[in-house]
Amino acid sequence: MRNFVEKLVLSLLWISLLQGCIVQSVEYDHTASIECLGDPMKPLYKGGIIQNGEFNNGLMGWSTRRDIKAGVRKSASGNKFAVVQGASSSPLGTGAVAASPSHSVYQKIQMKGDTHYSLSAWLRVSAGTAHVRAVVKAPNGENITAGAIDAQSGCWTMLKGGMTARAYHYGQGEVFFESDAPVDIWVDSVSLQPFSFEEWNAHARQSANKARRSTVKIVARGPDGQPMANANVSIQQLRAGFPFGNAMTKEILGNPAYEKWFFSRFTVATMENEMKWYGTEWVQNQEDYRTPDAMLALAQKYGVKVRGHNVFWDDQSSQLKWVMPMNLNQLKAAMQKRLKNVVSRYAGKLIHWDVVNENLHFNFFETKLGPSASPMIYQQVGQIDHTAVLFMNEFNTLEQPMDPNGTPTKYVAKMKLIQGYPGNAGFKFGVGLESHFTTPNLPYVRGALDTLAQLKLPMWMTEVDVVKGPNQVKFLEQVLREAYGHPGVQGIVMWAAWHPYGCYVMCLTDNSFKNLPVGDLVDKLIAEWKTHKTSAATDANGMLELDLAHGDYKLTVDHPSQTTAVSHTMTVDAGSAASEHIISVKL
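Residues numbered from 1 in each chain as written. Predicted model: local features only at pLDDT ≥ 70, side-chain atom pairs only at ≥ 80, totals over all residues. Heavy atoms only, no water.

1. Side note on the overall build of the chain
From N to C terminus, the chain includes 12 helices and 28 strands. Its C-alpha atoms give the chain a radius of gyration of 28 Å, within 12% of the compact-globule value 25 Å for 587 residues. Dimensions along the principal axes, computed over C-alpha positions, put the chain at roughly 95 × 90 × 50 Å. Considering only intrachain contacts with a sequence separation of at least 6, the fraction spanning at least 24 residues in the chain is 77%. When the accessible surface of the chain is totalled, it reaches about 26,400 Å², and 53% of it is carbon and sulfur. Measuring between centres, the 55 positive side-chain charges of the chain sit 2 Å from its 52 negative side-chain charges. (Helix = DSSP H or I, 4+ residues; strand = E, 2+ residues; numbered from the N terminus. Rg over C-alpha atoms; globule rule 2.2 N^0.38 Å. Contact = heavy atoms within 4.5 Å. Areas by Shrake-Rupley, 256 points an atom, 1.4 Å probe, with all protein chains shown as cover. Lys, Arg positive; Asp, Glu negative; His and termini not counted. Charge placed at Lys NZ, Arg CZ, Asp CG, Glu CD.)

Here's what the structure looks like:
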């Protein structure tokens, strides 16, 4: 009898614990910082599964590599942190030296397969600025980069990222930080929080519902001004509020099938190449805007907004052949002509300009005009076009944490340089993230978006695609849901422009304009994101509450006591829940 009671008590306790885990599931924390602070913030999730993440108990729970000195120091304010002396350079025997990576302290962790891990930490280096990576060493020995920053001396910078543990990653792993520079790495406020795939997806859905939908109150009143009970309200969405677009090509002109396929889906368009410098002036002094003019007019016919892509491209390999041999004065003259002509021609007609495309990875104009080339170009574009948002469009800021040129901290620094340039303070700027993915690292993507959102600027994923492979549809869905669910993302543009000979990386449709599997996915999400009741009845007080995706709506109210129905249009946005929408039905 005693054994039975003990087993019953243990079973009830286990059920209670399971229920507690379900009820107390940890919510994702979007907190991030782009400021370099005197003392770091507290660790997210109280450290998660990291022990002693604030080093208040010395190096308890942490270890060091062999022959590396480490310790805990205290700042003037009393904050404790770990310091590891950077590895010294080793002689090669020929007078040269080979720099060994500098490592931080590390902590062993017990990893679970099929789990997302959100990682954050505050880092500092002993001198100058150094690229520092966060690394999770998986149980199989694989080193996975979970994020990177440019850490500074003199203040603390927050790194936010993460990684996904696959089924084969079950077991003991490690977390540490490293740099190729011979610096001392200072570490504090380390956090590693696991999320099951179900939890992660649930957080994205909850965030999307909060950011993209609102509950609005509708009140129907009769000719006498009194509320109309049991009035029927039909709801029709006229236009989705969240911008979702795609790149388009000149093949859309004179192609009714392409035209119908494109404009029945998308609310934003980007010309793939037609507006670029080499698309309008292939031969010097022979400018031709007929194609982008026609494409813009077609988009305007359907009420589709257009992004300007681009004024200049910083990639040397993409420069026109006649531009390359120019001396400085000739280049300045050619650039001034290009900038003035293209921006003034389309000023007021575009929602965005990608001003100096990919100026983190490339520097053609900086090498010719000096380090202030990008800020100066932004200034000149902003002076001509006062309405468009001026975007910094870049790749690998979301896609690839191992790319040292596209880190969120580098992006933030470049954007602040452009914003802070004399004369640029009054312009509207935007964060453009190209989003060309192979295998998306979702925790890193979300952490990078959290960081970039701290710029408080419009943030768009501007060129979304996923390379072809067995998981293409799955990965694309993950990326699109991650973007739609992030409160900082204000629009998505696919980079899947159709060509009869094949697309850049990813086609949504075949040459008969029948959807491919990725196209079916896009249609599914477009439909899902605008889902709403198509009809409902008012209550006894003439009131109706509707949960609606943001956008423009037409509401039609009819009642048996009335001979005609009344229509009402309204826009639902984040502020819609604060007021009632009154529809008066008159004879």
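Having seen the model, we can carry on.
2. Concerning the pattern of salt bridges
What the rule picks out here adds up to 20 salt bridges. Across the pair D288 and R290 runs a salt bridge, and its minimum N-O distance is 2.7 Å. The exposure class of R290 is exposed, given its relative accessible area of 66%. Its salt-bridge partner being R481, residue E477 comes within 3.0 Å of it at the nearest N-O pair. Of the two residues, E477 and R481 both sit in helix α11 (residues 472-485), 4 residues apart, roughly one turn of that helix. Residue class for R481 comes out partly exposed when judged on its relative accessible area of 27%. (Salt bridge = Lys/Arg side-chain N within 4 Å of Asp/Glu carboxyl O. Buried < 20%, exposed > 50% of the residue type's maximum accessible area, 1.4 Å probe, protein only.)

3. Overview of the environment of S75
Among the secondary structure elements, S75 is positioned in the loop between β1 (70-74) and β2 (80-84). In this structure, the C-alpha to C-alpha distance between S75 and D39, residues 36 residues apart in sequence, is 8.2 Å. Filtering out sequence-adjacent residues up to four positions away, S75 remains in contact with D39 and F81. Within the structure, S75 has its side chain in polar contact with the side chain of D39 (distance 3.4 Å). (Polar contact = N/O pair within 3.5 Å; in protein donor to acceptor, adjacent residues only side chain to side chain.)

4. So, helix α2 (residues 197-212)
End to end, α2 covers 22 Å across 16 residues, agreeing with the expected 22 Å (1.5 Å per residue, within 8%). Listed as buried for α2 are W200, A202, H203, A204, S207, A208 and R212. (Expected span 1.5 Å × (residues − 1).)

5. Remarks on the layout of surface pockets
Taken as a whole, the largest pocket encloses approximately 550 Å³ of empty space. Along the wall of the largest pocket there are 26 residues; nearest its centre are Q237, A240, T267, I526 and K530. Residues belonging to the lining of the largest pocket are distributed by class as follows: 15 nonpolar, 6 polar and 5 charged. (1 Å grid on protein atoms, 1.4 Å probe; cavity = no way out; pocket = protein on both sides within 12 Å on 5 of 7 lines; lining within 4 Å. Points joined across faces, edges and corners; volume = space filled by probe spheres on them. Nonpolar A, V, L, I, M, F, W, Y, C, P; charged D, E, K, R; others polar.)

6. What to know about helix α9 (residues 408-420)
For the α-helix, the turn length of 3.6 residues means that residues three or four positions removed from each other point alike. An ideal rise of 1.5 Å per residue puts 18 Å on 13 residues; α9 measures up with 18 Å between its terminal C-alpha atoms. Three or more residues of α9 are buried, namely P408, T409, Y411, V412, K414, M415 and I418.

7. Considerations on the packing of aromatic side chains
Evaluation of the coordinates by the stated rule reveals 28 aromatic pairs. The interplanar angle of 75° and the centroid separation of 5.8 Å between the aromatic rings of Y45 and F195 together place this pair among those described as edge-to-face. Pair noted here: Y45 is in the loop between α1 (2-23) and β1 and F195 is in strand β12 (residues 185-196), with a separation of 150 residues, a long-range link. With 6.2 Å between their ring centres and 70° between their planes, Y289 and Y346 make a pair best called edge-to-face. One end of the pair, Y289, is in the loop between α4 (277-280) and α5 (290-301); the other, Y346, is in helix α6 (residues 328-346), with 57 residues separating them in the sequence. Residue class for Y289 comes out buried when judged on its relative accessible area of 7%. (Phe/Tyr/Trp six-rings, centres within 6.5 Å; stacked < 30°, edge-to-face > 60°.)

8. What to know about the sheet that holds strand β7 (residues 115-125)
Within the open sheet, the 5 strands sit side by side as β1-β2-β12-β7-β10. Their pairing is antiparallel. Of all the strands in the sheet, the pair left with one neighbour each is β1 and β10 (157-165). Geometrically, the sheet is characterised by an average inter-axis angle of 35° between neighbouring strands, direction not taken into account. Of the pairings in the sheet, the one linking β1 to β2 comprises 5 bridges and is antiparallel in character. (Pairing = 2+ DSSP bridges. Axes fitted to C-alpha atoms, helices over the stretch in contact; angles between N-to-C directions.)

9. Section: the sheet that holds strand β14 (residues 232-240)
Read from one edge to the other, the open sheet built from 4 strands follows the order β24-β14-β26-β27, with strand pairing classed as antiparallel. Taken across any chain shown, the strands that pair with only one partner, and hence form the sheet edges, are β24 (535-537) and β27 (566-572). On average, each strand axis in the sheet is inclined to that of its neighbour by 25°, with strand direction left out of account. Looking at chain direction, strand β26 (residues 551-558) and β27 are connected through 7 bridges and run antiparallel. Within the sheet, the bridge partner assigned to D552 lies in β27 and is T571.

10. Focus: the state of the cysteines
Each disulfide consists of one covalent bond between the sulfur atoms belonging to two cysteines. The tally for this structure, following the rule as stated, stands at 2 disulfides. In this model C36 forms its disulfide with C155; the gap between the sulfur atoms is 1.9 Å. Between C36 and C155, the S-S torsion sits near 90°, and that sign places the bridge as right-handed. In this pair, C36 sits in the loop between α1 and β1 while C155 sits in the loop between β9 (143-152) and β10, placing the two residues 119 residues apart along the sequence. Two residues, C503 and C507, share a disulfide whose sulfurs are 1.9 Å apart. In this structure, the disulfide formed by C503 and C507 twists by about 110° around the S-S bond and is classed as right-handed. If you count the bonded cysteines of the chain from the N-terminus, they pair up as 1-2, 3-4. (Disulfide = S-S within 2.5 Å.)

11. Describing the UniProt feature "domain: GH10" (unreviewed entry) in the chain
The UniProt feature table records "domain: GH10" (unreviewed entry) at residues 232-525. With 37% helix and 20% strand, residues 232-525 has its two end C-alpha atoms placed 29 Å apart. (UniProt positions renumbered as here; feature names shortened; annotations may be inferred.)

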